[in-house]
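# Breakdown of the fold
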Amino acid sequence: MSFEDRIRAIANDREHGSSVLVDRICAEFRALQSEENAEHRLRWAFHQLRQIDASMVVVHHLLDTLEPHVGSDFFAELAAYESRWQHIDQAIANKLLAHRDFSGNTVITHSHSGILARVIRLLAGRVKGLQVCQTRSEPGGEGELQYRELQKAGLDVRLVNDADLPELASETDTAFLGTDQYNNDYFVNKIGSRRIVESMQALGKPTFVLGDSRKKVEDLKFSTNLFEKTPFGAGVILVTESGFGH
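A brief report on the enclosed structure follows. None of the values given here were measured: they were computed from a predicted structure. (Residues numbered from 1 in each chain as written. Predicted model: local features only at pLDDT ≥ 70, side-chain atom pairs only at ≥ 80, totals over all residues. Heavy atoms only, no water.)

### Some words on the sheet that holds strand 8 (residues 227-231)
On the basis of which strands lie adjacent, the open sheet formed by 3 strands has the order 5-6-8 and antiparallel pairing. At either end of the open sheet lies a strand with only one pairing partner, and these are strand 5 (181-182) and strand 8. One ladder, built from 2 bridges, connects strand 5 with strand 6 (residues 186-190); its direction is antiparallel. Across the sheet, residue Q181 finds its bridge partner in strand 6, namely V188. Docked against the sheet, helix 9 (residues 193-202) engages strand 6 and strand 8, running at close to 25 degrees with respect to strand 8. (Pairing = 2+ DSSP bridges. Helix = DSSP H or I, 4+ residues; strand = E, 2+ residues; numbered from the N terminus. Contact = heavy atoms within 4.5 Å. Axes fitted to C-alpha atoms, helices over the stretch in contact; angles between N-to-C directions.)

Structure below.
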């Protein structure tokens, strides 16, 4: 598959979260470093990648940061960008573990988020008995992809149907959700997130929303056919590399 084919595949990806897409984009850009016609191919790639939904604010943060450097110090800026954001998952895991002991906990997860999956793997390596209930995440069913990734990583995980909520909430201790963007009042994630939050709230159980500071916006912009906004309310806790809250 050519560079162009891989960029088109990223632009059309509807299964992965923004952090996964950013990792893939950076890898494709790095691969052009030794090419003589890198500038032309990069400009073409930026044009293609701008088609990615506006809800993926981290993707557009990357594009906005790097595109002005095409043709000059692009690869130095790419390296600096990756260095700045590469340990987000470790920082979030550390914040969570300082806040709560997750030993023996059962966690509900939803959709497919690179940061969420990496944080859960880190937690599972540092506490005993962590179990995961991963929703299929309809429509689209991309939760099955995250289920297979967590299973391959050796986690105790089971795949559950979205329709089984809120009953599943009674069997779990907390929920972990990703987010593609947030402001002071709401976070945006895959459809079904609000139902999980409300189910956990009804039982007085917390939901941790895992993201990073790049995802904070003033005005939420997203496609309502796949995403929805959910209010930050009782027991809904935002966790970023900087800590808890907005």
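### Topic: the side chain of T172
Mapped onto the fold, T172 is located in the loop between strand 3 (156-160) and strand 4 (174-178). Since its relative accessible area comes to 2%, T172 is described here as buried. Setting aside residues up to four positions removed in sequence, T172 forms contacts with T106, I108, C133, M200 and K205. (Buried < 20%, exposed > 50% of the residue type's maximum accessible area, 1.4 Å probe, protein only.)

### Things to note about helix 1 (residues 3-11)
Within helix 1, the full set of buried residues consists of F3, I7, I10 and A11. What you see down the axis of helix 1 is that its buried residues fit within an arc of 100 degrees, all on one side. Contacts from the buried residues of helix 1 go to helix 2 (18-30) and helix 3 (38-49). (Arc of directions from axis to C-beta.)

### Considering the layout of surface pockets
The volume enclosed by the largest pocket comes to roughly 370 Å³. Broken down by secondary-structure element, the contributors of at least two residues to the lining of the largest pocket are helix 2 and strand 6. Of the residues forming the lining of the largest pocket, the biggest block, 3 residues, is contributed by helix 2. The residue makeup of the lining of the largest pocket, split by class, is 6 nonpolar, 16 polar and 8 charged. As a volume, the second largest pocket reaches approximately 260 Å³. Only helix 2, helix 5 (74-85), helix 6 (88-99) and helix 7 (114-124) provide two or more residues apiece to the lining of the second largest pocket. For the lining of the second largest pocket, the element with the most residues is helix 2, which contributes 5 residues. In the lining of the second largest pocket, the residues fall into 7 nonpolar, 2 polar and 6 charged. (1 Å grid on protein atoms, 1.4 Å probe; cavity = no way out; pocket = protein on both sides within 12 Å on 5 of 7 lines; lining within 4 Å. Points joined across faces, edges and corners; volume = space filled by probe spheres on them. Nonpolar A, V, L, I, M, F, W, Y, C, P; charged D, E, K, R; others polar.)

### Quick word on the nonpolar core
Residues F29, F74, L96, F176 and L210 are the most contacted members of the largest nonpolar core, which totals 54 residues. Among the elements that make up this core, the one with the highest residue count is helix 7 (6 residues). Contacts of F74, omitting those with residues within four sequence positions, involve F29, L42, F46, L66 and H69. If you look at the next biggest cluster of nonpolar residues, it comprises 17 residues, including V160, L177, F187 and V197. (Core = buried A, V, L, I, M, F, W, Y, C linked by side-chain atoms within 4.5 Å.)

### Things to note about the sheet that holds strand 7 (residues 207-210)
The strand order 3-2-1-4-7-9-10 describes an open sheet built from 7 strands, whose pairing is mixed. Where the open sheet ends on each side, the last strands, each with one partner, are strand 3 and strand 10 (243-244). Taken strand by strand, helix 7 contacts strand 1 (106-109), strand 2 (131-135), strand 4 and strand 7, and its axis lies near 140 degrees from that of strand 4. Strands in contact with helix 9 are strand 1, strand 2, strand 4, strand 7 and strand 9 (236-240); relative to strand 4, the strand with the most contacts, it is inclined by about 155 degrees.

None of this, on its own, says anything about what the molecule does.
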